[in-house]
Amino acid sequence: MTEDMTSNVFDTALIFEGGGMRVSYTCALANVLLENGIFFDNVYGLSAGASNTVNYVSRDTDRVRRSFVDLVEDPEFGGMGTFLQHKGYFSAEHIYEEAGLPDGFLPFDFAAFCANPAKITIEAFNRDTGESVYWTKDDMPTIADLMVRVRASSTLPLIMPSPKIDGARYYDGGLGEGSGFLLPRAQRDGFTRFLIVRTRPRAYRKTPPIGLGDKLTHTMLWGRPHVVNALENRWWKYNHMCDEIERLEAAGDAYVFYAQDMAVSSGETNIDKLQANYDAGYAQAMRELPAIKEFLGL
């Protein structure tokens, strides 16, 4: 699909939150936007939201859904076997860098992605410096360049091995500046209006990491102080961003799609549950479509 790849929303940034397989709910909103001819010119996403971002810009509605539903049926998707082989609980190299190739389980339409004039920004966290790194289409001249960066943005510490890009190692973008949201970057890019796609309900807030799990994380990440610091502080930074999003919403500067009927966790691998979650997200997106179009002036 490479014809008529024009944008029609220019003054509002589309921002996808991550959340692992919870994105089976919010990828449905991406499809509702595509099916109704709502094409953002600037799209931001991190972690699983980075997959939503690149799939939305490729305008492949089938892949939008299959990335968070059917992908679990790929025999090499992951599990304890790949975890014990040091490939990650989610077999990251395969599901990001191999499945999207032309002969892979989930081919990515890189030609359509490139033909679309829309701009994207995805974020990752530099493991060894603690810096947030942002990548755009300029950093993705090949499908391999794109997919390794989507993988980096989605790589969970301890769960998945950290990929190397240009000599640096990266982890999930949710550890970075916006603690789960690319809102600060979009604001620096000059945007004052936002459609923010959440994988949590409005009232959700994180709690401080405590107990045995926190001590175990410290032990296993010994020698990675920037990662430990990011994990320790993410809860309050994330909550601050939630408050800021609600402030923007109250001021009329943001439309926020909150996942009201989320029924799966980030690690869900049951395809029937993922499909049901997609269907619930789709139903909510259709209910909210008139309000979204009104906010966008469409």
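Notes on the structure in this doc start here.

Conventions adopted
- Residues numbered from 1 in each chain as written.
- Predicted model: local features only at pLDDT ≥ 70, side-chain atom pairs only at ≥ 80, totals over all residues.
- Heavy atoms only, no water.
- Bend = angle between axes of the 7 residues up to and from the residue.
- Helix = DSSP H or I, 4+ residues; strand = E, 2+ residues; numbered from the N terminus.
- Buried < 20%, exposed > 50% of the residue type's maximum accessible area, 1.4 Å probe, protein only.
- Contact = heavy atoms within 4.5 Å.
- Polar contact = N/O pair within 3.5 Å; in protein donor to acceptor, adjacent residues only side chain to side chain.
- Axes fitted to C-alpha atoms, helices over the stretch in contact; angles between N-to-C directions.
- Parallel < 35°, antiparallel > 145°, perpendicular 65-115°, else oblique.
- Left-handed = near helix turned anticlockwise from the far one by under 90°.
- Nonpolar A, V, L, I, M, F, W, Y, C, P; charged D, E, K, R; others polar.
- Salt bridge = Lys/Arg side-chain N within 4 Å of Asp/Glu carboxyl O.
- Core = buried A, V, L, I, M, F, W, Y, C linked by side-chain atoms within 4.5 Å.
- Phe/Tyr/Trp six-rings, centres within 6.5 Å; stacked < 30°, edge-to-face > 60°.
- Lys NZ or Arg CZ within 6 Å of the ring centre and 35° of its normal.

Describing helix α11 (residues 271–296)
Then, in step 1: The largest bend in α11 comes to about 50°, at Glu288, with the proline Pro290 one to four residues further on.
Then, in step 2: All of the buried residues in α11 are Leu274, Asn277, Tyr278, Gly281, Gln284, Ala285, Glu288, Leu289, Ile292, Phe295 and Leu296.
Then, in step 3: Structurally, α11 contributes buried residues whose contacts are with α1 (23–35), α3 (61–66), β7 (194–197) and β8 (254–257).
Then, in step 4: N-capping of α11 is provided by Asn270, with a side-chain oxygen placed 2.9 Å from the backbone N of Asp272.

Thoughts on the packing of helix α2 (residues 48–58) against helix α7 (residues 143–153)
Then, in step 1: Close contact between α2 and α7 brings their axes to 7 Å; oriented N to C, the two are set at 150°. It follows from the interaxial angle that α2 and α7 lie roughly antiparallel. The handedness of the crossing between α2 and α7 is right-handed. Here α2 contributes Ala50, Ser51 and Val54 to the contact with α7, which in turn contributes Leu146, Val150 and Ser153.
Then, in step 2: In terms of residue class, the contact of α2 with α7 is built from 4 nonpolar, 2 polar and no charged.

A look at α7
Then, in step 1: With 9 of 11 residues buried, α7 lies mostly within the body of the structure.
Then, in step 2: Buried within α7 we find Ile143, Leu146, Met147, Val148, Arg149, Val150, Arg151, Ala152 and Ser153.

Describing the pattern of salt bridges
Then, in step 1: Inspection of every chain in the model, using the stated rule, returns 17 salt bridges.
Then, in step 2: Taking the shortest distance from any N to any O, the salt bridge between Arg224 and Asp128 comes out at 3.5 Å. Taken together, the residues span a long stretch of sequence, with Arg224 in the loop between α9 (212–220) and α10 (225–250) and Asp128 in the loop between β3 (119–126) and β4 (132–135) at a distance of 96 residues.
Then, in step 3: A residue is classified by how much of its surface remains accessible, and Arg224, at 29% relative accessible area, is partly exposed.
Then, in step 4: You can call Asp128 partly exposed: its relative accessible area is 39%.
Then, in step 5: Several salt bridges share partner residues, and in doing so they unite Arg65, Arg66 and Asp70 into one network.

Remarks on the environment of Arg224
Then, in step 1: In this structure the C-alpha to C-alpha distance between Arg224 and Asp128, which are 96 residues apart in sequence, comes to 6.9 Å.
Then, in step 2: When residues no more than four places from it in sequence are discounted, the contact partners of Arg224 are Arg127 and Asp128.

Observations concerning the environment of Asn277
Then, in step 1: Mapping Asn277 onto the fold places it in helix α11.
Then, in step 2: Given the relative accessible area of 1%, Asn277 is considered buried.
Then, in step 3: As for Asn277 and Ala118, which are separated by 159 residues in sequence, their C-alpha atoms are 28 Å apart.
Then, in step 4: Contacts of Asn277, omitting those with residues within four sequence positions, involve Arg22, Ser24, Tyr25, Asp261, Met262, Ala263 and Val264.
Then, in step 5: Within the structure, Asn277 has its side chain in polar contact with the side chain of Ser24 (distance 2.9 Å).

Section: the nonpolar core
Then, in step 1: Ranked by internal contacts, the top residues of the largest apolar core, which has 67 residues, are Leu14, Leu33, Phe40, Tyr56, Phe113, Trp135 and Leu146.
Then, in step 2: With 9 residues, α1 is the largest single contributor of residues to this core.
Then, in step 3: Aside from chain neighbours lying at most four places away, what touches Leu33 is Leu14, Ile38, Phe40, Tyr56, Leu195 and Ile292.
Then, in step 4: In this structure, Ala13, Leu46, Leu182 and Cys242 belong to the second largest nonpolar core, which totals 20 residues.

Looking at the packing of aromatic side chains
Then, in step 1: Counted according to the given criterion, the structure contains 10 aromatic pairs.
Then, in step 2: Considering the side-chain rings of Tyr25 and Phe257, the 6.4 Å spacing of their centres and the 45° angle between planes classify their relative orientation as tilted. With Tyr25 in helix α1 and Phe257 in strand β8, this pair connects stretches of sequence that are 232 residues apart.
Then, in step 3: Judged by its relative accessible area of 0%, Tyr25 is buried.
Then, in step 4: What makes Phe257 buried here is its relative accessible area of 0%.
Then, in step 5: Taken together through their ring pairs, the aromatic side chains of Phe108, Phe110 and Phe113 make up a single cluster.
Then, in step 6: The ring of Trp135 is capped by Arg149, whose NZ or CZ atom sits 5.3 Å from the centre of that ring.

Shape descriptors only; they carry no functional weight alone.
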